[in-house]
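Descriptive analysis of the structure
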Amino acid sequence: MEKSTVKLDVLRFVGSNEFSSSTMKAMETVPRHRFVLVEQQIVAYENHPLPIGYGQTISQPYIVAFMTDILHIDAKHRILEVGTGSGYQAAILSEVAQEVYSIEVIKELADKAKRRLQEIEYTNVHTKLGDGYYGWDEYAPYDGIIVTAVSEKVPPPLVEQLKNNGRMIIPIGTEYTPQNLVLLTKNSKGITHTEHVLPVRFVPLTGRH
Ligand code: SAM
């Protein structure tokens, strides 16, 4: 297994108290250079999004840490990710959760991420090709859901697939308008509450929906 202890430049920008120790440990453990294009490896540990082909990006490390941390994941949690992309966010989640289910709509990216995650032996990450708008009903409900592409509204199937007391983080907006990360929480009675937590910039949630 080629996991290494890496020092992300981003950790210098992040106040050490800002994120939990488990999020910080995951960020230090996952080898980001394995998830970027060969020609980008030299800048893999800088705090920037990078192109991964097919018009898509691997998110900025700070945002990956932020979205991971806000889900309050524990070692028994099952997490759904929409937008596998490079597989990096899924690898980070796999360091803190029990099982990770990740969906990607572009076949070439889905295949590449699956191979890469298998090579690095992230055995608790399960991937599939499909339109993540509909979630992954087979393994629902999830303790946490993370969407890494921007949507005009929260997809109702994802709300349904979130457990009571679960948390979802999703960018809301469009390609051409301001976008915000929205935290959606469900209480013990299944009542949802949303709040805007951070302005962001994401590629759009596509698919046949
Ligand atoms: N989480 C990724 C990573 O760690 O590399 C970065 C994700 S990138 C910002 C957004 C991804 O969402 C792209 O790979 C894109 O193809 C995917 N995507 C867009 N719409 C989707 C959909 N409806 N279902 C699943 N994936 C989708």
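For every chain, the first residue of the written sequence is number 1, and numbering continues from 1 onward in sequence order. Owing to the predicted nature of the model, reporting of local features is limited to residues with pLDDT of at least 70; listing and counting of side-chain atom pairs is limited to 80 or more, with chain, interface and lining totals taken over all residues. Hydrogens and waters are ignored; side-chain quantities use all the structure's heavy atoms.

Regarding unusual backbone geometry
- Cis geometry is found at the peptide bond from A140 to P141, where omega equals 0°.
- Note that P141 resides in the loop between β5 (125-129) and β6 (142-147).
- Non-glycine residue E121 carries a positive phi angle of around 65°.
- Strands are runs of DSSP state E lasting at least 2 residues, helices are runs of H or I lasting at least 4, and numbering of each runs from the N terminus. Note on placement: E121 falls in the loop between α5 (107-119) and β5.
- Working definition: with a 1.4 Å probe on protein chains only, accessible area under 20% of the residue-type maximum means buried, over 50% means exposed, and in between means partly exposed. Take E121: its relative accessible area is 40%, and that puts it in the partly exposed class.

Let's talk about the site of the ligand
- Surrounding the ligand, one finds 27 residues, the nearest of these being S86, E104, D131, G132 and T206.
- N or O atoms closer than or at 3.5 Å make up a polar contact, with two conditions inside protein: a donor-capable atom paired with an acceptor-capable one, and, for residues adjacent in sequence, both atoms drawn from side chains. In the model, a nitrogen atom of the ligand is placed 3.3 Å from a nitrogen or oxygen of the T148 side chain.
- The contact in question runs from a nitrogen atom of the ligand to an N or O atom on the backbone of T206, over 2.7 Å.
- Exposure was quantified through the Shrake-Rupley algorithm and a 1.4 Å probe, taking into account, for residues, occlusion by the shown protein chains and nothing else. In isolation the ligand exposes 600 Å². Once the protein is present, 99% of that is buried.
- Looking at the shell around the ligand, the elements with two or more residues in it are β2 (56-58), β3 (78-82), α4 (88-96) and β4 (99-104).
- Sorting elements by how many residues they give to the shell around the ligand places β2 first, with three residues.
- Within the shell around the ligand, the residues separate by chemical class into 11 nonpolar, 13 polar and three charged. If even one non-hydrogen atom of a residue comes within 4 Å of a molecule or strand, that residue is called near it. Polarity classes work like this: nonpolar for Ala, Val, Leu, Ile, Met, Phe, Trp, Tyr, Cys and Pro, charged for Asp, Glu, Lys and Arg, and polar for all others, with Gly in that last group.

Looking at the pattern of salt bridges
- Basic side-chain nitrogens of Lys or Arg form a salt bridge, by our definition, when they fall within 4 Å of a carboxyl oxygen of Asp or Glu. Under the definition given, this model contains three salt bridges.
- A salt bridge links R34 to E119; its shortest N-O distance comes to 3.6 Å. Here R34, found in the loop between α2 (21-29) and β1 (50-53), pairs with E119, found in helix α5; they are 85 residues apart in sequence, far enough to count as distant.
- Across the salt bridge formed by D143 and K163, the nearest N and O atoms sit 3.0 Å from each other. In this pair, D143 sits in strand β6 while K163 sits in strand β7 (residues 162-172), placing the two residues 20 residues apart along the sequence.
- By relative accessible area, which is 14% here, D143 ends up buried.

Looking at the sheet that holds β3
- Taken in spatial order, the seven strands of this open sheet run β5-β4-β3-β6-β7-β8-β9, and their pairing is mixed. Whereas interior strands pair on both sides, the edge strands pair on one side only; in this sheet they are β5 and β9 (192-200). Neighbour to neighbour, the strand axes of the sheet diverge by 15° on average, direction disregarded.
- Any two residues whose heavy atoms approach within 4.5 Å are treated as being in contact. Between N-to-C directions, angles cover 0 to 180 degrees, with each direction set by a line fitted to C-alpha atoms, over the stretch in contact for helices. Against the sheet, helix α3 (residues 61-69) touches β6, β7, β8 (179-186) and β9, its axis set at about 165° to β9. A strand pair is defined by DSSP finding two or more bridges across the two strands.

Things to note about the confidence of the model for the chain
- Each residue carries a pLDDT value, the predictor's own confidence for that position, ranging from 0 to 100. Summing up the model confidence of the chain, the mean pLDDT is 93 and the portion of residues at 70 or higher is 92%.
- Segment residues 1-5 is flagged for pLDDT under 50; beyond a separation of four residues in sequence, or across chains, it makes 15 contacts in the model.

Some thoughts on the packing of aromatic side chains
- What counts as a ring pair is set by centres within 6.5 Å for rings of Phe, Tyr and Trp (its six-membered ring), and what kind of pair is set by the plane angle: stacked under 30 degrees, edge-to-face over 60, tilted for all other angles. Scanning all chains against the criterion turns up eight aromatic pairs.
- By way of ring pairs, the aromatic residues Y101, W136, Y139 and Y142 are connected into one cluster.
- Its end group placed over the ring of Y88, R32 keeps NZ or CZ at 5.6 Å from the ring centre. Our definition puts a charge over a ring when NZ of Lys or CZ of Arg is within 6 Å of the ring centre and also within 35 degrees of the ring normal.

Re the packing of α2 against α4
- In contact at an axis separation of 9 Å, α2 and α4 are set at 130° when each is read in the N-to-C sense. Taken together, the axis directions place α2 and α4 in an arrangement best described as oblique. For α2 against α4, the interelement crossing comes out right-handed. Counted together, S22, T23, A26, M27 and T29 of α2 and Y88, I92, E95 and V96 of α4 form the full contact between these two elements.
- Of the residues that constitute the contact of α2 with α4, the class distribution is five nonpolar, three polar and one charged. Roughly parallel covers angles under 35 degrees, roughly antiparallel covers those over 145, roughly perpendicular covers 65 to 115, and oblique covers all other angles. Two helices that cross are described as forming a left-handed crossing if the nearer one is turned anticlockwise from the farther one by less than a right angle, and a right-handed crossing if clockwise.

A look at α3
- Across the nine residues that make up α3, a large majority, nine, are buried.
- Buried within α3 we find P61, Y62, I63, V64, A65, F66, M67, T68 and D69.

Comments concerning the pairing of β8
- Across the eight residues of β8, eight count as buried, placing the element largely inside the fold.
- Side chains of β8 alternate between two faces, with Q179, L181, L183 and T185 and N180, V182, L184 and K186 buried alike.
- Alignment of β7 against β8, held across six bridges, turns out to be antiparallel. Among the inter-strand pairings, I170 is bridged to a residue of β8, identified as V182.
- The hairpin turn running from β7 into β8, its antiparallel successor, is six residues long, and G173 in that turn takes a positive phi close to 150°.
- Direction of pairing for β8 relative to β9: antiparallel, over a ladder of eight bridges. Opposite V182, over in β9, you have H196 as the bridge partner.
- Between the end of β8 and the start of β9, which pair antiparallel, lie five residues, with G190 showing a positive phi angle near 85°.

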